[in-house]
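Notes for the structure review
The primary structure of each chain is shown beneath.
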Amino acid sequence: MSQRPVVKPLVRRWPTLILMTLLGIGLAVLYLNLATPRYSAHADVLVSPPAAKSTDAVSERTLESYAHVLGGRSVATRVIEDLGLPGSTRSVDQQLSARVLDGTSVLRVSADSSNREQAAELSQSAAEAFVAWLGAQDTDLSSAVVTEAVAPTDPSSPARTPWLVAGGLLGLLAGLLVAAARNAADRSIHSPAELEEASGAPVLGAIAYDRAAVQTPLITSLGTHHPRFEAVRILRTNLQFLDIDRDNKVITITSSLAGEGKSTTACNLAIALAQAGSQVALVEGDLRRPRVSEYLGIEKSVGLTTVLVGRVSLDAALQQAATPGLDVLASGSLPPNPSEILQTNAMRSLVSELRHRYDIVLIDAPPLLPVTDASLLASISDGAILVVRHGETGLEEVRTATARLSSVGARLLGTVLSMSPVKELSRYGYGYGYGYGPEYFEKATTGRKRRRG
């Protein structure tokens, strides 16, 4: 079994990725708005040798030791006295730091505070305190404040840009993890290739998702170049290349579960076949939730069940649809025991009679997994077509449905991927008048024959 792709499913989750990225940025903005801003100011002190030795440089070790003093407790004590601060020496000492500017004899003292003015006062007072301290030492070195502290306009922390970038990246990472987890849990069909692998049958066509399909389910209400119309024509054409050595006149159309579009597919395929000149019979074999008569606008009180129990003849029950060449056998009254009725000899005789009268017979059956009706109908047909809803029907459900058909000796002729996003159809060569050509189905059919042999 081939592994499912990783990147494309993640790309399909782009709304999740964008949402989580924006959420990460939003949390970063919230933190920046709630966090107390800190301000940093600095003053520079130049340490010079005596005038007689002006050509000599102050040693790096000496400057490092002075930097330690400048940022230390002795200077902090003087700052507290100078500014009259209520804090302890330790608290002021933690706000001060000093370093030697590279390649110079300049010491830079920096002060950090939540108040911008206090940050400037602390660093300026520390610089002046160091100058006074050095002047009181037994040394021939001198010092002077060469750059006075200025109150900063912008906070030094938290830095907005790094926080926003970090928030966005963490949000994106979280989005990727969420998307990967959803993909790992998602075992539904997302491509014709996955459907073919799960079912072991060729994909006869794919029908694009159309919001208007609820109000206009039939292709007769669409323009001839509408994507759904084109998709049904492709399905009609591809039926010709299924086991061309066998006569597939009676076909059951079913699905794994309800709501996958099997009844709409059955109606539209019957219409397309009739428009191509075939004499078509469409049987409403779903005796639990019939929809064909509703879509085609015909009377459903007389039909399949009334013929099977002998109340009316087949000729009296068949109704001509609006499309010339298409006759419909509605469900009739819904029985309490559909499975028992569908496996009677009367049902087999009815299918045999329709086979002789029409070029092709389509049976709209219930879903395979909830009830046994579809398996029974498929077993007395030449084969079945499985309609699978994109992004909803699971891989295991397709495999189980296929196994159900195989268990009763029914042939799965092919599958139809319904309600597919238009972009997906374009990526795989479906929709808008394009699809797998006849050579694909001849090759696929030949390959399965070889494997069976």
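About the criteria used
The residue count restarts for each chain, going from 1 along the sequence in the order it is written. Since the coordinates come from a predicted model, pLDDT governs what is reported: local features require at least 70, and pairs of side-chain atoms require 80 or more to be given and counted, while whole-chain, interface and lining totals use all residues. Hydrogens and waters are ignored; side-chain quantities use all the structure's heavy atoms. Note on conventions: DSSP H or I runs of at least 4 residues are helices, E runs of at least 2 residues are strands, and numbering of each starts at the N terminus. The rule is simple: take the accessible area with a 1.4 Å probe, protein chains only, and divide by the maximum for that residue type; under 20% is buried, over 50% is exposed, in between is partly exposed. Definition of a polar contact: a pair of N or O atoms within 3.5 Å, with one able to donate and the other able to accept a hydrogen when the atoms are protein atoms, and with sequence-neighbouring residues admitted only if both atoms are side-chain atoms. Along the chain, pLDDT gives the predictor's confidence residue by residue, from 0 to 100. We call two residues in contact whenever any of their non-hydrogen atoms come within 4.5 Å of each other. Only strands that DSSP links by at least two bridges are regarded as paired with each other. Comment: axis = line fitted to C-alpha atoms, over the contacting stretch for helices; angle = value between 0 and 180 degrees taken between N-to-C directions. Cavity and pocket criteria rest on a 1 Å grid covering protein atoms alone: a 1.4 Å probe that fits but cannot get out defines a cavity, protein on both sides within 12 Å along at least 5 of 7 lines defines an open pocket, and an atom within 4 Å of a point defines a lining residue. Grid points are joined across faces, edges and corners, and a volume is the space filled by probe spheres set on the points.

1. Digging into the side chain of His390
- Relative to the elements of secondary structure, His390 occurs in the loop between strand S11 (383-389) and helix H17 (395-407).
- Taking the relative accessible area as the measure of exposure, His390 reaches 10% and is therefore buried.
- Engagement of the side chain of His390 in a polar contact is seen with the backbone oxygen of His190, the distance being 3.1 Å.

2. Observations regarding the confidence of the model for the chain
- Averaged over every residue, the pLDDT of the chain is 85; the share at 70 or more is 87%.
- Every residue in residues 431-453 scores below 50 in pLDDT, and together they form 38 contacts with partners more than four places removed in sequence or on other chains.

3. So, the sheet that holds strand S7 (residues 280-284)
- Pairing in this open sheet of eight strands is mixed, and the strands run S5-S12-S11-S6-S10-S7-S9-S8 from one edge to the other. The open sheet has two edge strands with one neighbour each: strand S5 (203-208) and strand S8 (319-320).
- Inspection of the sheet shows strand S6 (residues 250-255) paired to S11 by five bridges, in the parallel sense. Counterpart to Thr252 in the pairing with S11 is Ala384.
- Along the sheet, helix H15 (residues 345-357) contacts S6, S7, strand S9 (326-329) and strand S10 (360-364); its crossing angle with S10, the most-contacted strand, is approximately 140 degrees.
- Relative to the sheet, H17 contacts S11 and strand S12 (412-420), its axis offset from that of S11 by approximately 165 degrees.

4. Focus on the environment of Val100
- By secondary structure assignment, the location of Val100 is in strand S2 (residues 96-100).
- Expressed as a C-alpha distance, the spacing of Val100 and His68, which sit 32 residues apart in the sequence, is 9.9 Å.
- Among all residues touching Val100, those that are not within four sequence positions of it are Leu63, Glu64, Ala67, Val106 and Leu107.

5. Considering the layout of surface pockets
- The calculated volume of the largest pocket comes to roughly 740 Å³.
- Lining the largest pocket we find 32 residues, and of these Gly259, Gly261, Thr264, Tyr295 and Met419 sit closest to its centre.
- For the lining of the largest pocket, the secondary-structure elements that each account for two or more residues are S5, helix H9 (227-238), helix H10 (262-275) and S12.
- No other element matches H10, which puts five residues into the lining of the largest pocket.

6. Quick look at the sheet that holds S2
- Read across the sheet, four strands follow the order S2-S3-S1-S4 without closing on themselves; strand pairing throughout is antiparallel. Whereas interior strands pair on both sides, the edge strands pair on one side only; in this sheet they are S2 and strand S4 (142-147). Across the sheet, the mean angle from the axis of one strand to that of its neighbour is 25 degrees, orientation sign disregarded.
- Packed on one face of the sheet, helix H3 (residues 60-70) meets strand S1 (39-48), S2 and strand S3 (106-113) and runs near 170 degrees to S2.
- Against the sheet, helix H6 (residues 116-135) touches S1, S2, S3 and S4, its axis set at about 15 degrees to S1.

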